[in-house]
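Descriptive structure summary
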Amino acid sequence: MSDYPTLFSPLRIGPLTAKNRVWMTAHSTQLVKDHNFTDEHVHYYAERARGGVGVITMEAMAVHPTTQPYKGKIFAFDPAVVPNYEKLAAAVHEHDTLLLAQPWHRGRETSGTVNRLPVWAPSSVPDVVYREMPHVLVDEEIDELVNGYVLAARHAVEGGLDGVEVHGLAHGYLLGQFLSPATNHRTDQFGGSFENRLRLILDIIAKTRAETGRTKIVGVRINGSDGGVPGGLTNADWARIARAIADTGLVDYISVTRGTYIERMDIYGATPQPAGFQVEDTARIKAAVPELPVVVVGRMNTPELAEQVLAAGQADMVGMARQLIADPEWANKARDGETTSIRPCVGANWCMASIVNSPLACVHNPAVGRELTLGVGTLTDAPAAKRVAVVGGGPGGMRAALTAAQRGHRVTLFEQDAELGGQVRLIGRSETYAEWQGITDWLISQLDRTDVQVQLKHRVEAGELLAEGFDEVVVATGSTPLKHGWSSLRPASWGDGTTVPGADQWNVYSVAEALSGKAQIGPRVFIFDDTGARQPVVAAEYLADRRHEVTLVTRLPQVAPDLEASRDLQATYRRVRGKGIRFITDHEVDAVVEDSVVLRDVWTGETTTHADVDAVVLSTGNAADDALYHALKGRLPVRAIGDCVSPRRIFNAIWEGELAGREI
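The following paragraphs examine the structure supplied in this document. The model shown is predicted, which means the values in this text are computed figures rather than measured ones.

So, the overall build of the chain
The helix and strand inventory of the chain stands at 22 helices and 27 strands. Radius of gyration (C-alpha) of the chain: 27 Å, near the 26 Å computed for a compact globule of 664 residues. Over its C-alpha atoms, taken along the principal directions, the chain stretches across nearly 75 × 65 × 45 Å. Counting over 664 residues, the chain shows a buried share of 62%. The contacts in the chain between residues at least 6 apart in sequence include a share of 71% that link residues at least 24 apart. Accessible surface computed for the chain: about 24,900 Å², of which carbon and sulfur atoms make up 50%. Considering the chain, the positive charge centre built from 65 side chains and the negative charge centre built from 82 side chains are found 2 Å apart.

What follows is the structure in structure tokens.
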């Protein structure tokens, strides 16, 4: 018997039955080509179906050309999707998993940059992210919108899918913009009263059901709350909306999420957003529609939490996206009692950041989007077992050691520190980012299942590796923080061996030194950042939590702009400013003079002196620690991975570690 009996019990959803209560919710993949699905999609969704998921809702699909935030969007209104639906359905149905389409329109939460069309909305209120003034929809355009939903439903049926999830009500998208008094200022039949604001939604649901008939599933995705939107819809409002939709008798389930683009962490929930943060709102929706299956989402990462919520009757299905990106076998592992082998979602939101410029990726699952070549079952035994040395026990080195060992090689992993983890271990020292330790904890747990010999506190040199007779070496020695203090506006100074005056003082530290807990840092700290990345913010929070007075200085126009891509910039600013951390933008360090710091305005050149500064922390990049690689090159088969090639991201180190382990 399963340890999670409710989670792994079947559930009737309208005319069909889900084999269990695990629902993969919709999320962008950017595997799209020519506004259509690809073979990569087929392998991606089939991998999650094979991993035991009961229901999959595929990524949001445009019902009209005006909803194109980027090129990688499926056109659900185009009949060209039908043959690919058939491929997807065949691949997913092989594993007894239900597959749904999700037609949707973003409304004002987009721009016309890609499609060169006006942004559509019920009223001309710009979005906080895209800031483009929308075109107010007229009756003929509303008819076009409805027809797009109708075509999407028709194509889903023709393509052999199991149903349709009407989207656009949640997350502040177009139908939600009609529902909310905050964004609907109309005085016609679609504005004003609750009934008028609901009119368009009920029309779309009715016409969707007319297309699908009663042999297919029709569901809707709604919010449990709009979050902190002034004048927005509350949990009570959404419960009323859910009840009105249920009263039509036309829908088979309701999927509940939360938030709009005004507070994006209500949608995406990066760490440190707690697990199950949407359960209470969803439970009240469930109470309003007891006759309908209700899906709960919001960092529902563990089977223990899933079982608890389902057994309590707070929801009927557990939805997840990022956890199934991280580990497509989550359901099977939970069912079979292999929970310790589940690769956790740590809320790093690299999946969100990746789709800005490339297909979907996960910070520590290299196979995402490449399931055919790197997915489950693709790892083959090595032609001949070799003695392999991996030098460096950060995430890249551990990944290389694990993959090589799984292929049958005899691996020794050398780490000069007393514990594995590298820079991820340091980031995890901040209470806010403690969850990131899940990346290295999982790798360590998997290494423990192999015969890899781990040698800690062992700084290995080239001579030892040569003398020991290793067949191949993977160098994952990482990088060393730069402490010269120069910003990237001064490239010549990076190569002349000089430092910013005073940068070599005893009270100037790197981020790594600040996070180590070993440095004796005084109460008032200035952190200078030239990278725009997360690490200086991590250091700032770590120090502020220890009662230091922290000022974050950057030569950029804003602090940590990289966090925009991972969608947690707003939440991070709110959190760090709430801890009293001050920001100074558009400045670089001109000098450190004993207990004062001189800053220079990067635009005017004007300098200002800040007195009584006890410590300065520099975040100006790292230098690759590649000496061992060059010492071995030409003398032994050797490859370098991660930061010792070029200091970059956790994702790059793990990706290169996986490839190295497969190539040996």
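A short note on helix α14 (residues 395-406)
When the terminal C-alpha atoms of α14 are compared, their 16 Å separation across 12 residues agrees well with the 16 Å that a helix rising 1.5 Å per residue should span. Taking burial as the measure, the 12 residues of α14 include 11 buried ones, the bulk of the element. Buried residues belonging to α14 abut β13 (387-391), β14 (410-414), α15 (422-427), α16 (437-447), β16 (472-475) and α22 (650-663).

Here we look at a negative patch on the surface
On the surface, Asp 139, Glu 140, Asp 143 and Glu 144 cluster together into a patch of negative charge. Within the secondary structure layout, Asp 139 lies in helix α3 (residues 139-158).

Considerations on the nonpolar core
One finds Met 58, Tyr 85 and Ile 222 to be the most contacted residues of the largest nonpolar core, which totals 109 residues. Broken down by element, the residue count for this core peaks at eight residues, all from α3. Listed in part, the 36 residues of the second largest apolar core include Ala 348, Ile 427, Trp 436 and Ala 544.

Quick notes on the packing of helix α6 (residues 235-246) against helix α8 (residues 279-288)
As a packed pair, α6 and α8 sit with axes 9 Å apart at the nearest point and diverge in direction by 35°. Remark: the crossing between α6 and α8 carries right-handed chirality. Across from Asn 235, Trp 238, Ala 239, Ala 242 and Arg 243 in α6, the residues of α8 making contact are Asp 281, Arg 284, Ile 285 and Ala 288.

Considering the sheet that holds strand β24 (residues 607-610)
Each strand in a sheet pairs with another by means of backbone hydrogen bonds, the pair being arranged parallel or else antiparallel. In space, the three strands of this open sheet follow the order β22-β23-β24, with antiparallel pairing throughout. The sheet terminates laterally at β22 (587-593) and β24, the two strands that pair on one side only. On average, adjacent strands in this sheet sit at an angle of 25° to one another, irrespective of strand direction. Relative to β24, strand β23 (residues 596-601) runs antiparallel, the two being bridged by four bridges. Bridge pairing in β24 places Leu 599 opposite Thr 608.

Digging into the environment of Tyr 149
As for its placement among the helices and strands, Tyr 149 is situated in helix α3. Along the primary structure Tyr 149 and Asn 235 are separated by 86 residues, whereas in three dimensions their C-alpha atoms are 26 Å apart. Apart from the residues lying within four places of it in its own chain, the contact partners of Tyr 149 are Val 63, Pro 103, Trp 104, His 105, Val 166, His 167, Gly 168, Leu 175, Ile 204 and Thr 208.

Re the side chain of Thr 66
Along the chain, Thr 66 turns up in the loop between β4 (55-62) and α2 (81-93). At 2.8 Å, the side chain of Thr 66 forms a polar contact with the side chain of His 64. There is a polar contact of 2.7 Å between the side chain of Thr 66 and the side chain of His 105. Residue contacts for Thr 66: discarding those within four places in its chain leaves His 105, Thr 110, Asn 115, Leu 117, Pro 118 and Trp 120.

Quick word on the packing of α14 against α22
To describe two helices that pack against each other, one gives the angle between their axes and the distance between the axes. Running from N to C, α14 and α22 point in directions that differ by 25°, and their axes come no closer than 7 Å. In this view, α14 runs roughly parallel relative to α22, as classed from their interaxial angle. Here α14 and α22 pass one another in a crossing that is right-handed. Here Pro 395, Gly 396, Arg 399, Ala 400, Thr 403 and Ala 404 of α14 lie close against α22, whose contacting residues are Ile 650, Ala 653, Ile 654, Gly 657, Glu 658, Gly 661 and Arg 662. The residue inventory of the contact of α14 with α22, partitioned by class, reads six nonpolar, four polar and three charged.

Thoughts on the pattern of salt bridges
In total, this model carries 39 salt bridges according to the counting rule given. Asp 247 is the partner of Arg 243 in a salt bridge, and the nearest nitrogen-oxygen pair spans 2.8 Å. Residue Asp 247 is classed as exposed on the basis of its relative accessible area of 55%. Taking the shortest distance from any N to any O, the salt bridge between Arg 648 and Glu 656 comes out at 2.6 Å.

Examining the environment of Ala 315
One can find Ala 315 in the loop between α9 (303-311) and β12 (317-320). The spatial distance from the C-alpha of Ala 315 to the C-alpha of Ser 255 is 9.6 Å, given a sequence separation of 60 residues. Setting aside its immediate chain neighbours within four residues, Ala 315 contacts Thr 282, Val 294, Val 296, Val 309 and Leu 310.

Some words on helix α20 (residues 569-578)
Quick reminder: α-helices carry 3.6 residues per turn. Residues three or four places apart thus point the same way. Where α20 is concerned, the buried positions are Leu 569, Ala 571, Thr 572, Arg 575 and Val 576. Projection of α20 onto a plane perpendicular to its axis shows the buried side chains occupying an angular sector of 160°, all on one side. In this structure, α20 carries Arg 574, Arg 577 and Gly 578 as exposed residues pointing more than 90 degrees from its buried face. Looking at the packing, one finds that the buried side of α20 touches α7 (265-268), α19 (535-544) and β21 (582-584). At the exit of α20 stands Gly 580, carrying a positive phi of roughly 85°.

Calculation criteria
- Position numbers for residues start from 1 in each chain and track the written sequence from start to end.
- pLDDT decides what is reported in this predicted model: residues at 70 or higher carry local features, side-chain atom pairs at 80 or more are listed and counted, and totals for whole chains, interfaces and linings draw on all residues regardless.
- Note: side-chain values were computed over all heavy atoms of the structure, leaving out hydrogens and water.
- Where helices and strands are cited, they refer to DSSP runs of H or I of at least four residues and of E of at least two residues respectively, numbered from the N terminus.
- All radius of gyration figures rest on C-alpha atoms, and the globule criterion is 2.2 Å times the number of residues raised to 0.38.
- A simple rule labels every residue: compare its accessible area, found with a 1.4 Å probe on the protein chains alone, to the largest value its type can have, and call it buried under 20%, exposed over 50%, or partly exposed in between.
- Any pair of residues with heavy atoms lying within 4.5 Å of one another is described as a contacting pair.
- In these tables, accessible area is a Shrake-Rupley quantity obtained with a 1.4 Å probe, and a residue counts as shielded only by the protein chains included in the view.
- Only four residue types enter the charge count, namely Lys and Arg as positive and Asp and Glu as negative; His and the chain termini do not.
- Charged side chains are reduced to one point each, which is NZ for Lys, CZ for Arg, CG for Asp and CD for Glu.
- In a helix, the anticipated span is given by 1.5 Å times the number of residues less one.
- What makes a patch is a set of residues exposed beyond 30% relative accessible area and free of salt bridges, joined within 9 Å when like-charged and within 5 Å when nonpolar (Val, Leu, Ile, Met, Phe, Trp, Tyr).
- Salt bridge, as used here, is a side-chain nitrogen of Lys or Arg placed within 4 Å of a carboxyl oxygen of Asp or Glu.
- Here, the term nonpolar core denotes a set of buried Ala, Val, Leu, Ile, Met, Phe, Trp, Tyr and Cys residues that are joined through side-chain atoms within 4.5 Å.
- Throughout, an axis means a line fitted to C-alpha atoms (over the contacting stretch in the case of helices), and angles, computed between N-to-C directions, take values from 0 to 180 degrees.
- Crossing handedness is defined as follows: a turn of the near helix away from the far one that is anticlockwise and smaller than a right angle gives a left-handed crossing, while the clockwise case is right-handed.
- The pairing criterion for strands is at least two bridges between them, as found by DSSP.
- Think of a polar contact as two N or O atoms within 3.5 Å of one another; within protein, one of them needs to be a possible hydrogen donor and the other a possible acceptor, and neighboring residues in sequence only count if both atoms come from side chains.
- Roughly parallel means an angle under 35 degrees; roughly antiparallel means over 145; roughly perpendicular covers 65 to 115; every other angle is labelled oblique.
- As a working rule, the residues Ala, Val, Leu, Ile, Met, Phe, Trp, Tyr, Cys and Pro are called nonpolar, Asp, Glu, Lys and Arg charged, and the rest polar, with Gly in that last group.
- The arc refers to the directions leading from the helix axis to the C-beta atoms.

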